[in-house]
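Chain by chain, the residues run as shown.
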Amino acid sequence: MTNPESDGDNPKSVPVHKCVLVIGRDAQVAEIVANALPDWELVCTENNETALPLLRSRLLHLVLTGDETSGQQDVELLRQIRRVQPHLRLIILTSESTPADVIESMKERAFSYFSAPYTTEALTDMLRHATEAPVWDEGIELLSATPEWLGLVARCDMRTADRLVQFIHEFSDLEETHRYAVGTAFREMLLNAMEHGGNLNPSQHVAISYVRARDAVICRIKDPGKGFSLEQLKESALSDPLDDPLKHMEYRKAQGMRAGGYGILLAKSLVDDLIYNEDGNEVLLIKYVGRRVSETLP
């Protein structure tokens, strides 16, 4: 394995011993990490306080916090880590989280954020992303960050998409059914924008806004491409009759094209409005979800 990091601005490719630090007393998390990263050295410590001396004394490549601490406490640890190892990747695991904590974690360039409950599969996938994605650019840049309005740009690659979807999932204050619907629709449209508008080119970026209005969530995604018209999708899943949902594939196969339109079709079924701009390179997702939990309490 090679290491793209260096002490200066010039990356080096030299063999390096990779080490991951797991904070906390949850043996299950340590087991997940060991299974996901079998070639890495696994170091465990009890809490954030005992982690800091390790971070100052040896080179680490990845850190996972424990869910006994709050998101706020873990963000503070991340701030201290940045002073010692500025390129270190940290995945926050916590049982206590707020949209403000998620915002602060993104500002401090956390690699990802999970509040309980989360699945082994989701954490395993994110661990692998953390070992594979480029070090010098984390791919997500915040432009606006309040609990009501999250604005950012994101690099057009699949790992960044998965990271961003996880952050949005944690940022959301919705009840689980609405959170799933909005998150799934957002992911489908984000992948469409990155693949078809940005050609999965890491030098290209999509612009995203997530707005929590009083009774709705509004997601805006703008890709760097020239766009398309819905007329171009006549031969896609969007045009299939209900009794023949694969009809468009005959045409697309003859044209050497893969199946298309399913992402838009799925997103349309999960939100109340899906609206494209005239050029077809910008889309709004609108889901009516009711007031914030804090506004419904007596």
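Going by the structure above, here's the rest.
Throughout, a residue's number is its position along its own chain's written sequence, starting from 1. Where local features are concerned, this predicted model is filtered to residues with pLDDT of at least 70; where side-chain atom pairs are given and counted, the filter is 80 or more; whole-chain, interface and lining totals use all residues. With hydrogens and water stripped out, all remaining heavy atoms of the structure feed into the side-chain values.

Participant: How do you make sense of the overall build of the protein chain when you look at a structure like this?
Facilitator: Helices and strands together make up the secondary structure of the protein chain, namely 10 helices and 13 strands. Sequence-distant contacts in the protein chain: of pairs separated by 6 or more residues, those separated by 24 or more amount to 60%. Per-residue accessibility takes into account occlusion by the displayed protein chains alone, with areas from the Shrake-Rupley method and a 1.4 Å probe. With the model as given, the accessible surface of the protein chain reaches about 15500 Å², and the carbon-plus-sulfur share is 51%. The helix count covers DSSP runs of H or I at least four residues long, the strand count covers runs of E at least two residues long, and both are numbered beginning at the N terminus. Residues are treated as being in contact if the distance between any of their heavy atoms lies within 4.5 Å.

Participant: Can you walk me through unusual backbone geometry in this structure?
Facilitator: Residues apart from glycine generally show negative phi values, whereas peptide bonds are mostly found in trans. In this structure, the amide linkage connecting A116 to the following residue, P117, adopts the cis form with an omega of 0°. Of note, the phi angle at R109 is positive, near 65°, even though the residue is not glycine. With respect to the helices and strands, the residue R109 is situated in the loop between α4 (99-107) and β7 (112-115). Classification of R109 by relative accessible area gives partly exposed; the value is 36%. Its identity is not glycine, yet L200 carries a phi of approximately 50°, on the positive side. Whether a residue is buried, partly exposed or exposed follows from its accessible area with a 1.4 Å probe, protein chains only, as a fraction of its type maximum: under 20%, in between, or over 50%, in that order.

Participant: Just checking my understanding: could you explain the pairing of strand β13 (residues 282-288) for this structure?
Facilitator: Regular strands have side chains that alternate between both faces of the sheet. In terms of burial, β13 is largely enclosed, as 5 of its 7 residues are buried. At least two DSSP bridges between two strands are needed for those strands to be called paired. Relative to β13, strand β11 (residues 216-222) is paired through 7 bridges, and the arrangement is antiparallel. Residue V217 lies in a different strand from β13, and its bridge partner there is K287. Two strands pair when backbone bridges link them, and strand β12 (residues 273-276) and β13 are joined in this way by 4 bridges, in the antiparallel orientation. In the sheet register, D273 faces β13, and the bridge partner there is I286. Following β12, the chain reverses through 5 residues before pairing antiparallel with β13; G280 in that reversal takes a positive phi of roughly 80°.

Participant: Teacher, can you tell me more about the pattern of salt bridges here?
Facilitator: Where charged atoms from two side chains of opposite charge approach closely, those side chains can pair. Every case where a carboxyl oxygen of Asp or Glu lies within 4 Å of a side-chain nitrogen of Lys or Arg is listed as a salt bridge. Evaluation of the coordinates by the stated rule reveals 11 salt bridges. Here R79 and E108 are joined by a salt bridge, their closest N and O atoms 3.3 Å apart. Of the two residues, R79 sits in helix α3 (residues 71-84) while E108 sits in the loop between α4 and β7, which places them 29 residues apart along the sequence. The partly exposed category is assigned to R79, whose relative accessible area is 25%. Put simply, K107 and E104 hold a salt bridge, and the shortest N to O gap is 3.6 Å. With K107 and E104 both in helix α4 and 3 residues apart, the pair spans about one turn of that helix. Exposure remark for K107: the relative accessible area of 47% places this residue in the partly exposed category. Each of E76, R79, E104, K107 and E108 takes part in a single network of salt bridges with overlapping partners.

Participant: Mind showing me how you'd approach the side chain of D74 here?
Facilitator: Within the fold, D74 resides in helix α3. Lys and Arg are tallied as positive, Asp and Glu as negative. Neither His nor the chain termini are counted. Buried charge D74 goes without a salt bridge, the closest partner of opposite sign being R79 at 11 Å. Definition of a polar contact: a pair of N or O atoms within 3.5 Å, with one able to donate and the other able to accept a hydrogen when the atoms are protein atoms, and with sequence-neighbouring residues admitted only if both atoms are side-chain atoms. Within polar-contact distance, the side chain of D74 engages the side chain of T65 at 2.9 Å. Contact partners of D74, with chain neighbours within four places excluded, come to N48, T65, G66, T69, I92, L93 and T94.

Participant: What is the right way to read the packing of α3 against α4 from this model?
Facilitator: Each pair of packed helices can be summarised by the angle the axes make with each other and by the distance between the axes. Throughout, an axis means a line fitted to C-alpha atoms (over the contacting stretch in the case of helices), and angles, computed between N-to-C directions, take values from 0 to 180 degrees. Remark: α3 packs on α4, axes separated minimally by 9 Å, with the N-to-C direction vectors making an angle of 15°. When the axes of α3 and α4 are compared, the pair comes out roughly parallel. For the pair α3 and α4, the crossing hand works out as left-handed. Seen from α3, the contacting residues are G71, Q72, V75, L78 and R79; seen from α4, they are D101, E104 and S105. All residues other than Ala, Val, Leu, Ile, Met, Phe, Trp, Tyr, Cys, Pro, Asp, Glu, Lys and Arg, Gly among them, are scored as polar; the first ten of these are nonpolar and the last four charged. In terms of residue class, the contact of α3 with α4 is made up of 2 nonpolar, 3 polar and 3 charged. The labels follow the angle: roughly parallel below 35 degrees, roughly antiparallel above 145, roughly perpendicular from 65 to 115, and oblique for the rest. The hand of a helix crossing depends on one turn: near helix anticlockwise from the far one by less than a right angle means left-handed, and clockwise means right-handed.

The analysis is restricted to geometry; functional conclusions fall outside its scope.
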